[in-house]
Amino acid sequence: MVEALGINLIEFIFYLINFLILVGVLTKFLYKPFLNTMAARKQTISDALDNAELTNRRADEKMENYNRQIARVEEESREIIRSAKVKADAQAREIIDEANKQASDMITKAEKAIEQEKEKAMEDMRQEIAALAILAAEKIVEREIRQIGQEAIVDEVIRQARSTGWQN
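Residues numbered from 1 in each chain as written. Predicted model: local features only at pLDDT ≥ 70, side-chain atom pairs only at ≥ 80, totals over all residues. Heavy atoms only, no water.

Looking at the overall build of the protein
We apply this condition: Elements are defined by DSSP. Helices are runs of H or I of four residues or more, strands are runs of E of two residues or more, and each kind is numbered from the N terminus. To measure how exposed things are, a 1.4 Å probe is used in the Shrake-Rupley method; for residues, cover is taken only from the protein chains shown.
Scanning the protein for helices and strands turns up two helices and zero strands. Approximately 15,200 Å² of the protein is accessible, and the part contributed by carbon and sulfur atoms is 60%.

Here it is as structure tokens:
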């Protein structure tokens, strides 16, 4: 029956053996190295992806760390600014309070000085008036003794008062 189809059985077996040998050789020398190369390539790609993922995770962690540090530094700077502002306000209040105290002290001293000057002027005026009164009394007594008129006495007192420096 195989001969009826025009196929020689010996040739067919020879072709089949050659084919199987060729498949065996190709499998051993081409297909297995090809599979090994593909497996190695797959492993290399997998390792590269794992490495890239690990690198991305590390980069994300570093980014989060930097962001936390930046936020902390910003918060510290805000706190420093707030603290400096509070200190500056307190110092300004102290300076203003000290200036007010000094001004109050100066006003008090000036008022005391004015009061002392006023009292001194009043005392000087009392002494001056007393001296003038004594002088007037001396002159009146002296004039009475001489029998001179009162107008002359008043004129004499005024003249002497002007000569001594008393002014009204």
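Overview of the pattern of salt bridges
Selection criterion: The term salt bridge refers to a pairing of a side-chain nitrogen on Lys or Arg with a carboxyl oxygen on Asp or Glu at a separation within 4 Å.
Scanning the entire structure with this criterion turns up six salt bridges. Here Glu79 and Arg82 are joined by a salt bridge, their closest N and O atoms 2.4 Å apart. Taken together, the positions of Glu79 and Arg82, both in helix 1 (residues 9-146) and three residues apart, correspond to about one turn of that helix. The shortest N-O distance in the salt bridge between Glu123 and Arg126 comes to 3.2 Å. Placement of the pair is Glu123 and Arg126 together in helix 1, with a separation of three residues, close to one helical turn.

Digging into the packing of aromatic side chains
Cut-off, in case you're wondering: Pairing of aromatic rings covers Phe, Tyr and Trp, the last counted by its six-membered ring, and requires centre-to-centre distances within 6.5 Å; plane angles under 30 degrees mean stacked, over 60 mean edge-to-face, and any other angle means tilted. Residue burial is assigned from relative accessible area. The probe radius is 1.4 Å, only protein chains are included, and a residue is buried under 20% of its type maximum, exposed over 50%, and partly exposed in between.
Taken as a whole and judged by the stated rule, the model has one aromatic pair. Between Phe14 and Tyr15 the ring centres are 6.3 Å apart and the planes differ by 50 degrees, which places this aromatic pair in the tilted class. The exposure class of Tyr15 is exposed, given its relative accessible area of 52%.

Concerning a negative patch on the surface
This is how the line gets drawn: Like charges are joined within 9 Å and nonpolar side chains (Val, Leu, Ile, Met, Phe, Trp, Tyr) within 5 Å, but only among residues with over 30% relative accessible area and no salt bridge; these make up the patches. Charged-residue counts in this description rest on Lys and Arg as positive and Asp and Glu as negative, His and the chain ends being excluded. We put the charge of a Lys on NZ, of an Arg on CZ, of an Asp on CG and of a Glu on CD.
A grouping of Glu94, Asp97, Glu98 and Asp105 is seen on the molecular surface, where their side chains present a negatively charged patch. Checked against the element boundaries, Asp105 lands in helix 1. Exposure remark for Asp105: the relative accessible area of 35% places this residue in the partly exposed category.

A short note on the environment of Ala152
Take Ala152: it is sitting in helix 2 (residues 150-164). Note on Ala152: relative accessible area 32%, which makes it partly exposed. Here the alpha-carbon distance between Ala152 and Lys139, two residues 13 residues apart in the chain, equals 9.7 Å.

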